[in-house]
Amino acid sequence: MPIDEKRRKTAKAFVIVAIAIALISGIALGIALAATKNIQNQENFTEIQPALPTKLLDINGNLITEFSSDEKREMVSISEIPRHLIYAVITREDQDFFRHHGFTLRGFFRALWGKVTGRNLGGGSTITQQLAGTLYADRADISIRRKLVELWWAFQLERRLTKNEILEQYLNKMYLGSGTYGVESASKFYFGHSVREITLAESAMLVIQLSNPVIYSPLSHPNAAKLRQREVLNQMVDLGYATKKEADESFSDYWVNFDYTRINTSAYFMRDDKAPWFSEYARRQLEEMLYGNLDLYKDGFVVHTTLNLDYQLKADEYMRKGIIQGNESYRASSGSRLQIADSTYKPIVDMLSLAFNLDTMHGSDSQVRLNALSYYNKRLNTTIDAAAMLFGLDELKQATNSSYTGSKADAERNTVEGALITLENDTGYILALVGGSKYDGSNQYIRATQSQLMPGSSFKPLYYSAAIDSRKFTEASLIYDEPVVFYNENGTPYIPLNYKGEWKGTVLLWQALANSMNVPSLKILDGIGFDAAISRAASLLDIHDPDEITRTFPRVYPLGLGVIGVTPLKMARAFAVFANQGKEVTPLAIRQIEDRNGRIILDPEKELRIQQKKKGSDIQVVSPQNAYIMTDLLQGVIQAGTLAGATGSGTIFTYKDQKGQKYVIPAAGKTGTTQNWADDWTVGFTPYMTTAIWFGFDKAGNSLGVQNTGAIFVGPIWAGYMHDIHENLPPKQFSRPQTGLVEVTVCAKSGLLPTQACNEGLIRRTFLEGTEPTQYCDIHPYKQERDEFLLNRLESKSQQFGGNLKTIKGSDLPSLDLPKPDSAPSPAAQSTGSLLD
């Protein structure tokens with residue numbers, strides 16, 4: 001074949017291939033451009049809606065926190081960014097930035113050569129391409145199509161923006177690890193200060209996060225980060241952006257002051273938050289409410305909540321002190337028990353181990369091992385863990401992690417935790433929420449809303465309410481407090497004990513509740529039956545699913561002592577129903593949600609009120625009359641029961657108005673302490689709000705100590721907190737129904753109508769109409785006195801009528817002139833909201 005012919009065919013083939021490549025490239029580029037969602041509005045392509053955090057506001061419009069999670073972003077002008085950070089970025093990411101127009105072949109081939117040789121020579125994308133990919137493409141998509149889209153937008157950015165504008169957007173938008181976007185938020189996260197104060201070495205550390213913030217994080221992999229940081233500093237010296245002396249001194253200062261013990265947690269957990277437990281509770285609800293295209297962390301919502309930050313501040317203060325007090329008391333009581341064990345039982349164990357050659361039982365050796373392990377966990381493990389990270393000793397790191405795991409399990413068994421929740425009675429607003437000791441990356445369990453805890457005696461009012469409605473029991477029912485055996489439905493016996501094993505004999509129902517007596521309470525439960533008790537408790541706790549009711553309420557007598565699992569939130573809700581005249585109370589955290597433009601997109605409170613209105617009379621969980629009597633009974637706990645000491649019989653809620661006149665806001669409540677003093681409660685309310693407080697352990701098995709009961713430990717905390725949050729509130733009384741109730745003066749001993757012989761005091765109690773006593777006291781020997789009294793009266797009358805006695809019907813007998821009550825009216829009948837002298 002002639003040479004010319006070969007050349008023509010070769011040229012022809014070359015042209016065909018070139019045309020094919022051009023067609024394929026053109027088609028690919030066309031598809032990429034067509035798929036770009038912003039292409040129809042090219043001239044406005046820079047008008048991008050930036051990702052904005054969601055703001056959480058309290059009930060008064062104060063900022064609680066911001067949710068940005070994976071995009072913790074704070075914008076900063078390029079004029080405020082130190083030059084050495086800009087130089088570090090250019091050195092590491094794009095040394096030709098100020099010379100190219102969005103793309104360089106040099107960078108492309110450098111990255112390609114790095115891939116071939118296995119050396120880290122940087123990426124092939126320019127700063128402009130990286131920004132374009134972040135704004136307009138999915139950088140997780142490793143494909144030619146994504147590269148073409150990225151390249152096209154890079155050209156557009158270079159055409160429309162100045163180099164400084166591109167650089168400013170880049171520094172504010174790029175991801176820098178641990179949930180931070182932009183150099184300002186990243187600087188605060190990694191270094192604890194604004195980017196305006198960033199040092200040369202910190203700049204080098206920050207820019208290496210751009211390539212891989214996982215393997216180069218100084219918090220997770222300090223060794224790898226240190227090497228890469230040194231490389232960047234050396235490059236900056238070579239390019240003339242810093243002197244060797246400046247680089248060396250800054251590098252040395254950085255690592256001399258580096259905190260090796262700090263863990264790598266998300267910036268989400270390091271955000272400014274004035275109520276982190278409530279914020280987390282609200283965040284979980286928001287994630288359920290906002291679905292589809294709505295993004296809680298980027299769309300800039302404004303969430304109006306029910307929280308009162310003033311109340312929250314008080315709650316945090318009281319709970320912090322309470323948790324400290326609880327742990328100190330627990331350690332002291334545990335130490336006392338261990339001391340007794342060491343002095344009494346340890347010598348016996350040592351003697352047995354020596355006598356029978358049982359080395360593993362030898363107390364001295366075991367104690368030495370335990371003490372050594374405790375010392376290591378508390379004093380040495382943190383230092384060794386830091387050394388393991390510093391020198392890359394993976395096996396040692398596994399050992400220290402194991403120690404942390406063991407320490408955490410021990411902490412759950414031996415650390416006193418606490419929870420608090422406050423509800424507004426008529427609205428259900430969650431005004432304050434504390435979920436535990438400290439909210440952080442390792443402690444996010446909201447005990448106030450998630451923990452299924454035993455309420456102890458604070459559960460009793462729930463079935464006392466059913467007892468009142470059964471009309472078998474009243475406030476003045478006489479019950480015997482004595483040792484007794486109850487038999488469960490399966491025939492097993494149950495023998496309850498009172499606190500300290502004391503028995504009071506005959507008591508009235510209101511006294512049994514006020515003083516938290518177990519046997520009288522179980523007699524009430526036995527009197528109304530499990531069905532009535534469980535039905536009422538479930539309604540008050542807002543538990544309606546039959547399976548959940550079966551799981552929650554065992555049909556055994558320990559149920560009456562609160563041996564069930566329930567959250568503090570549900571306990572607060574149950575008591576709030578009493579305070580709200582028996583009407584349903586639905587706890588509410590989020591009132592309204594606005595988008596970034598101020599448009600309301602969700603209105604949970606409005607929807608709730610509409611639903612409640614539709615219920616009509618069904619909104620009553622219990623009748624107003626039942627709620628009032630339960631309030632009356634629970635005021636007895638404050639005035640003469642287990643909360644009398646903590647509240648000064650209610651006088652702690654004494655305030656002054658603007659004229660200096662005193663008034664008392666009435667309060668009602670109940671304490672609770674579970675078996676072995678493992679859980680302590682106080683739940684109580686005023687006409688304004690209800691608060692439930694719990695202290696105990698995350699894992700069962702330990703005791704708070706016999707001196708740490710609901711009345712002694714939790715009661716004063718509840719009382720102090722409730723006193724403080726009621727400051728400056730006007731007087732208010734519990735609402736009393738106009739009908740259906742009767743107040744009667746009764747004998748304080750028998751609960752029946754009094755006689756002249758009732759010398760142990762008279763009291764006024766409240767009854768459902770028709771259940772008030774109609775018989776005279778049968779405890780005191782009054783019959784003979786009554787007969788003598790009547791005979792004297794008749795003799796006097798007969799003398800007036802000439803001594804003729806006639807047969808007199810019972811209805812004709814003169815009424816007795818009874819003494820007036822020598823005690824105060826029943827708690828709910830007092831004018832406790834009126835002004836006092």
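Procedures and definitions
- Residues numbered from 1 in each chain as written.
- Predicted model: local features only at pLDDT ≥ 70, side-chain atom pairs only at ≥ 80, totals over all residues.
- Heavy atoms only, no water.
- Helix = DSSP H or I, 4+ residues; strand = E, 2+ residues; numbered from the N terminus.
- Buried < 20%, exposed > 50% of the residue type's maximum accessible area, 1.4 Å probe, protein only.
- Pairing = 2+ DSSP bridges.
- Phe/Tyr/Trp six-rings, centres within 6.5 Å; stacked < 30°, edge-to-face > 60°.
- Contact = heavy atoms within 4.5 Å.
- Axes fitted to C-alpha atoms, helices over the stretch in contact; angles between N-to-C directions.
- Core = buried A, V, L, I, M, F, W, Y, C linked by side-chain atoms within 4.5 Å.
- Parallel < 35°, antiparallel > 145°, perpendicular 65-115°, else oblique.
- Left-handed = near helix turned anticlockwise from the far one by under 90°.
- Salt bridge = Lys/Arg side-chain N within 4 Å of Asp/Glu carboxyl O.
- Polar contact = N/O pair within 3.5 Å; in protein donor to acceptor, adjacent residues only side chain to side chain.
- pLDDT = per-residue confidence, 0-100.
- Nonpolar A, V, L, I, M, F, W, Y, C, P; charged D, E, K, R; others polar.

### Description of the overall build of the protein
Within the protein one finds 26 helices and 21 strands. Relative to its 837 residues, the protein shows a buried fraction of 47%.

### Looking at the pairing of strand E7 (residues 430-434)
Along E7, 5 of the 5 residues are buried, which leaves the element largely enclosed by surrounding structure. Examined bridge by bridge, strand E6 (residues 417-424) and E7 share 4 bridges and lie antiparallel to one another. From the neighbouring strand, Thr422 faces E7, where its bridge partner is Ala432. What sits between the antiparallel neighbours E6 and E7 is a turn of 5 residues, in which Gly428 has the positive phi angle 80 degrees.

### Points about the packing of aromatic side chains
One pass over the full model with this rule turns up 21 aromatic pairs. Taking 5.0 Å as the distance between ring centres and 80 degrees as the angle between the ring planes, the aromatic pair formed by Phe189 and Tyr190 counts as edge-to-face. Given the relative accessible area of 4%, Phe189 is considered buried. Judged by its relative accessible area of 7%, Tyr190 is buried. Ring centres 6.2 Å apart and planes at 80 degrees place the aromatic pair Phe191 and Tyr254 in the edge-to-face group.

### Remarks on the environment of Ile468
On the secondary structure map, Ile468 appears in helix H17 (residues 460-470). Along the chain, Ile468 and Ile528 lie 60 residues apart, while their C-alpha atoms are 9.6 Å from each other. When sequence neighbours within four positions are dropped, the list of residues in contact with Ile468 reads Phe473, Thr474, Glu475, Asn626, Ile629, Met630, Leu633 and Leu768.

### A word on the sheet that holds strand E2 (residues 63-67)
Sheets are built from strands paired through backbone hydrogen bonds, the pairs being either parallel or antiparallel. Strand order in the open sheet formed by 5 strands is E2-E1-E5-E12-E13, with mixed pairing between adjacent strands. Edge positions in the open sheet fall to E2 and strand E13 (600-602), since each of these has one partner strand only. When the angles between neighbouring strand axes are averaged without regard to direction, this sheet yields 25 degrees. In the sheet, strand E12 (residues 590-594) pairs with E13 via 2 bridges, with the strands oriented antiparallel.

### Focus: the nonpolar core
Judged by nonpolar contacts, the single largest core of 136 residues is most densely connected at Phe278, Ile421, Phe553, Phe695 and Tyr721. For this core, the element with the highest residue contribution is helix H19 (residues 518-540), accounting for 10 residues.

### Quick word on the sheet that holds E7
Strand order in this open sheet of 5 strands is E7-E6-E18-E17-E16, and the pairing throughout is antiparallel. Each having just a single partner strand, E7 and strand E16 (668-673) make up the two edges of the open sheet. On average, each strand axis in the sheet is inclined to that of its neighbour by 5 degrees, with strand direction left out of account.

### A look at the packing of helix H9 (residues 222-238) against helix H10 (residues 244-256)
One can describe the packing of H9 onto H10 by two numbers: an axis separation of 9 Å at closest approach and a directional angle of 165 degrees. By the angle between their directions, the pair H9 and H10 is classed as roughly antiparallel. In this structure, H9 meets H10 at a crossing whose hand is right-handed. Packed against H9, whose contacting residues are Pro222, Lys226, Gln229, Arg230, Leu233 and Val237, the element H10 presents Lys244, Ala247, Asp248, Phe251, Tyr254 and Trp255 at the interface.

### What to know about the pattern of salt bridges
Tallying each qualifying case throughout the model produces 27 salt bridges. A salt bridge links Glu475 to Arg765, with the nearest nitrogen and oxygen atoms 2.7 Å apart. A residue pair is termed long-range when its members are at least 10 positions apart, and Glu475 in the loop between H17 and strand E8 (478-481) and Arg765 in strand E20 (residues 762-768) qualify at 290 residues. Using a relative accessible area of 1% as the deciding quantity, one classes Glu475 as buried. Look at Arg765 and you get buried, because its relative accessible area is 3%. A salt bridge links Arg555 to Glu489, with the shortest nitrogen-to-oxygen separation between them at 3.1 Å. Residue Arg555 is located in the loop between helix H20 (546-552) and helix H21 (568-579), and its partner Glu489 is located in the loop between strand E9 (486-487) and strand E10 (493-494); the two are separated by 66 residues in the primary sequence. Judged by its relative accessible area of 53%, Glu489 falls in the exposed class.

### Quick look at the environment of Lys298
With respect to the element layout, Lys298 can be found in the loop between helix H11 (276-289) and strand E5 (302-305). Lys298 sits 231 residues away from Phe67 along the chain, and the two C-alpha atoms are 8.5 Å apart.

### Points about unusual backbone geometry
Of note, Arg471 is a non-glycine position whose phi angle comes to about 65 degrees, a positive value. Residue position: Arg471 is located in the loop between H17 and E8. A positive phi angle is found at Ser649, which is not glycine, with a value near 55 degrees. Tracing the backbone through its elements, the reader meets Ser649 in the loop between helix H24 (644-647) and strand E14 (654-656).

### Details of the side chain of His304
Relative to the helices and strands, His304 is located in strand E5. Of the polar contacts made by the side chain of His304, one reaches the side chain of Glu594; its length is 3.2 Å. With residues up to four places along the chain from it excluded, the contact list for His304 reads Leu57, Ile590, Arg591, Gln592 and Glu594.

### Thoughts on the confidence of the model for the protein
Of all residues in the protein, 70% attain a pLDDT of 70 or more, and the chain-wide mean is 80. Below a pLDDT of 50 lies the segment residues 31-47, which in the model reaches 22 contacts outside its immediate sequence neighbourhood of four places, other chains included. Across residues 793-837, where pLDDT falls below 50, the model places 71 contacts with residues more than four positions away in sequence or in other chains.

### Brief notes about the pairing of strand E1 (residues 54-57)
Taken together, the 4 bridges between E1 and E2 define a ladder with antiparallel strand orientation. Paired with Leu56 across the two strands is Thr65, which belongs to E2. Here E1 hands over to E2 after 5 residues, with Gly61 in that stretch at a positive phi of 85 degrees. Two elements, E1 and E5, share 3 bridges in a ladder whose sense is parallel. Bridge assignment links Leu56 to a residue of E5, and that residue is Val303.

### Topic: the packing of H17 against H19
Two elements in contact, H17 and H19, have axes whose closest approach is 7 Å; the angle formed by their N-to-C orientations is 95 degrees. In terms of orientation, H17 and H19 fall into the roughly perpendicular class. When H17 is examined against H19, the residues Lys460, Leu462, Tyr463, Tyr464, Ser465, Ala466, Ala467, Asp469 and Ser470 are found in contact with a partner set consisting of Asn518, Ser521, Leu522, Ile524, Leu525, Ile528, Ala532, Ala533, Arg536, Ala537 and Leu540. When grouped by side-chain class, the residues that make up the contact of H17 with H19 number 13 nonpolar, 4 polar and 3 charged.

### Some thoughts on the side chain of Gln169
Relative to the assigned elements, Gln169 resides in helix H6 (residues 163-173). With a relative accessible area of 18%, Gln169 lands in the buried category. Those residues in contact with Gln169, other than ones at most four positions away along the chain, are Leu131, Leu135 and Leu161.

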